[in-house]
Amino acid sequence: MAHPANVFSEDYRIGFKAQQVWSVPHALEFFLLGTGAGLYLFSTWFSPFALGQLVGELTVIAAGMSLMVDLGQPKRLWRTFANLGFSWISRGALSVFVFLAAALMGTAARWLNLFPSLPSFPLACEVIASLSALVTMLYPGLVLSSYASIPSWNSPMVPLLFFVYSWTTGLAAEWVILLFSGMINRLALSLESGFLLISFTLISLLTHLGGMARGSVAVKEGFRLLTRGSLSGWFIGGVLCAGLLLPLLIIGAALVNREINGLSLLISAILVLSGGFFFRYCILKAGIYPPLF
Amino acid sequence: MARLGMVIDLARCVGCDACTVACQTENGTPAGIQYAPVFRKEVGKFPQAKVLFLPTLCMHCADAPCMKACPTGAISKREQDGIVLVDQDKCCGSKACVAACPYGALHFYDGKSGLKKFTPGTAQKCTFCSHRVDRGLDPACVVTCPTRCRIFGDLDDPQSEVSRLMRERNSVALRPDAGTDPSVRYLP
């Protein structure tokens, strides 16, 4: 009779432990936060249009709702501003609050001409909203990188990746809105710039992966999960291939042929958006605690 | 001001789980939540195989990552003895502390057990039996251990037994890479 390989329950075995508490709701929240803030910035500074701003703001509100659903005590959401000195979640909550207040006021003031006697009011709101949008795009990565308990999160590349991905998915969201509102001629960035942004995202992600492959044992375990383990389908298939390489191929082909049709752009945008969600999900699930002893 | 802490002598632990059960009995923790689990590791191969036991609990870190991660400020350290506690009336259930703890010492109580003592949707953790400490008693896991492998005392007092053992037996901390300066040390 074969000797049992595991005589103890996995729960009580000293070894690698994957973090379990943050999963789909947090991935969704981080995705919606970054995408909404990125969309707002594109719709405010690169190709101003009210619908883009509004959808960006609603997306960030949806992110907040996603977080509330996951909170154990949603009625105590207001308390999340209480630890601004240390907690990046507190700082992020404040940035989201300031963003929503300023962005909604700015959008209403500019497009509904609410305060004609204060011509610079919409601009002031947009500047404040944009600064807080930048923090909103960055802070989920800063939350993760502040956790020394999980070495694969505890890297300066993580905030950078979340920041870059926010721009990329924000741009893809803008493409979708422009396509559906029949304003494709108002692309915030040229297709060449979009191609470069997705390429930069891919390079940043590969750089992070390279760092993980050379990291500590727990980081390497996270790398194994992403590339050969249970997350490899989502990561290689969803994030790398479908989320970045395929859109690059579609847009690259359009650039070579000097024309792109709406359907190709829509497919690229949806692929980038879904890849952006899977990226957040995979990074969260690849958070591994090293063995205690 | 004292800094209460614990030294655990791994050479004495026989993995009987008495500390785990005593803790559950003392604190009435919900099903599935253990403040003081004993972990195991198989070492070597038959016939030289053996099992190492690692009793754990909240490390009541001097630089507690759960305190920094908590967005509501619900986690605080008692000034008089350095015990780290969660205020259930302030916790919003973000689980940030659960993810931030390198030792897996924080637990999220979903309320399914229906225990009124614990607020559903909040974080729970070992309190070093602060209710006993306030009465001059040692934590339940310490008094229950049949091999006396857990020693409790003031880490800041050089004359205390815990300080002496840490000095003489070259104590080690778990996850030193996390930089938490834990108040629970292990004697190899």
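Predicted model, so just to flag it, every value in this text is computed and none were measured.

J.: In this structure, what is going on with the overall build of chain B? I would like to understand it.
T.: Across its full length, chain B carries 6 helices and 9 strands. Relative to the globule expectation of 16 Å for 188 residues, the C-alpha radius of gyration of chain B, 16 Å, shows essentially globular dimensions. Summarising its shape, the C-alpha atoms of chain B cover approximately 50 × 40 × 35 Å along the three principal directions. The buried share of chain B, reckoned over its 188 residues, is 46%. Residue pairs at least 24 apart in sequence account for 57% of intrachain contacts in chain B once pairs closer than 6 positions are excluded.

J.: Could you clarify how one ought to interpret helix 1 (residues 18–27) of chain B in this entry?
T.: Given 3.6 residues per helical turn, the α-helix brings residues three or four places apart onto the same face. Residues and elements named next belong to chain B. For helix 1, every residue scored as buried is listed here: Cys19, Thr20, Cys23 and Asn27. Here the buried residues of helix 1 occupy an arc of 105 degrees about the axis, which is enough to place them on one side. Turning to helix 1, the residues buried within the fold contact strand 2 (38–43), strand 3 (50–55), helix 5 (140–144) and strand 8 (150–154). Just beyond helix 1, the residue with positive phi is glycine 28, at close to 60 degrees.

J.: Please clarify how the nonpolar core should be interpreted in this entry.
T.: For soluble globular proteins, the rule of thumb is that nonpolar side chains tend to be buried together. Judged by nonpolar contacts, the single largest core of 127 residues is most densely connected at Cys282 of chain A together with Cys66, Ile75 and Cys97 of chain B. When residues no more than four places from it in sequence are discounted, the contact partners of cysteine 66 of chain B are Ile75, Cys97, Ala100, Cys101 and Leu106 of chain B.

J.: What should I look at first to understand the pairing of strand 1 (residues 4–9) of chain B in this one?
T.: The side chains of a regular strand alternate, residue by residue, between the two faces of the sheet. Residues and elements named next belong to chain B. Taken across its 6 residues, strand 1 has 5 buried, putting it largely inside the fold. Where strand 1 and strand 9 (residues 184–187) come together, 4 bridges link them in parallel fashion. Looking at the pairing, aspartate 9 lines up with leucine 187 of strand 9.

J.: Is there a simple way to think about the confidence of the model for chain A in this case?
T.: On average, residues of chain A score 92 in pLDDT, and 96% of them are at 70 or above. With pLDDT under 50 throughout, residues 1–6 of chain A is counted as low confidence; its partners more than four residues away or in other chains account for 0 contacts.

J.: Help me understand the interface of chain A and chain B, please; the structure alone is not making it clear to me.
T.: A common way to state how big an interface is: give the accessible area lost once the parts meet. On the chain B side, the residues contacting the 29 residues of chain A number 34 residues. Of all the elements, helix 3 (residues 88–111) of chain A adds the most residues to the side of chain A that touches chain B, at 3 residues.

J.: Teacher, can you tell me more about the sheet that holds strand 1 of chain B here?
T.: Pairing between the strands of a sheet is mediated by backbone hydrogen bonds and can be parallel or antiparallel. All names here are of chain B. As summarised here, the arrangement of the 3 strands in space is 8-1-9, forming an open sheet in which the pairing is mixed. Single-partner strands in this sheet number two, and they are strand 8 and strand 9. Strand-to-strand twist in this sheet, taken as the mean axis angle between neighbours without regard to direction, amounts to 25 degrees. Against the sheet, helix 6 (residues 161–168) makes contact with strand 1, strand 8 and strand 9, and its axis sits at roughly 115 degrees relative to strand 8, the strand it touches most.

J.: Can you help me understand unusual backbone geometry in this one?
T.: Across residues other than glycine, the phi torsion is negative in most instances, and most of the peptide bonds are trans. In this model, phenylalanine 46 of chain B is joined to proline 47 of chain B through a cis peptide bond whose omega is 10 degrees. Tracing the sequence through the fold places proline 47 of chain B in the loop between strand 2 and strand 3. Its identity as a non-glycine residue notwithstanding, asparagine 113 of chain A has a phi of 50 degrees, on the positive side. By the secondary structure assignment, asparagine 113 of chain A is in the loop between helix 3 and helix 4 (121–145). Accessibility expressed as a C-beta count within 10 Å gives 10 for asparagine 113 of chain A, which makes it exposed. Backbone geometry at aspartate 181 of chain B places phi at a positive 50 degrees, although glycine is not the residue there. With respect to the helices and strands, aspartate 181 of chain B occurs in the loop between helix 6 and strand 9. A count of 13 C-beta atoms within 10 Å places aspartate 181 of chain B in the partly exposed class.

Definitions and cut-offs
- Residues numbered from 1 in each chain as written.
- Chains lettered and ligands numbered in written order.
- Predicted model: local features only at pLDDT ≥ 70, side-chain atom pairs only at ≥ 80, totals over all residues.
- Helix = DSSP H or I, 4+ residues; strand = E, 2+ residues; numbered from the N terminus.
- Rg over C-alpha atoms; globule rule 2.2 N^0.38 Å.
- Buried ≥ 20, exposed ≤ 12 C-beta atoms within 10 Å, placed from the backbone.
- Contact = placed C-beta atoms within 7 Å.
- Arc of directions from axis to C-beta.
- Core = buried A, V, L, I, M, F, W, Y, C linked by C-beta atoms within 7 Å.
- Pairing = 2+ DSSP bridges.
- pLDDT = per-residue confidence, 0-100.
- Axes fitted to C-alpha atoms, helices over the stretch in contact; angles between N-to-C directions.

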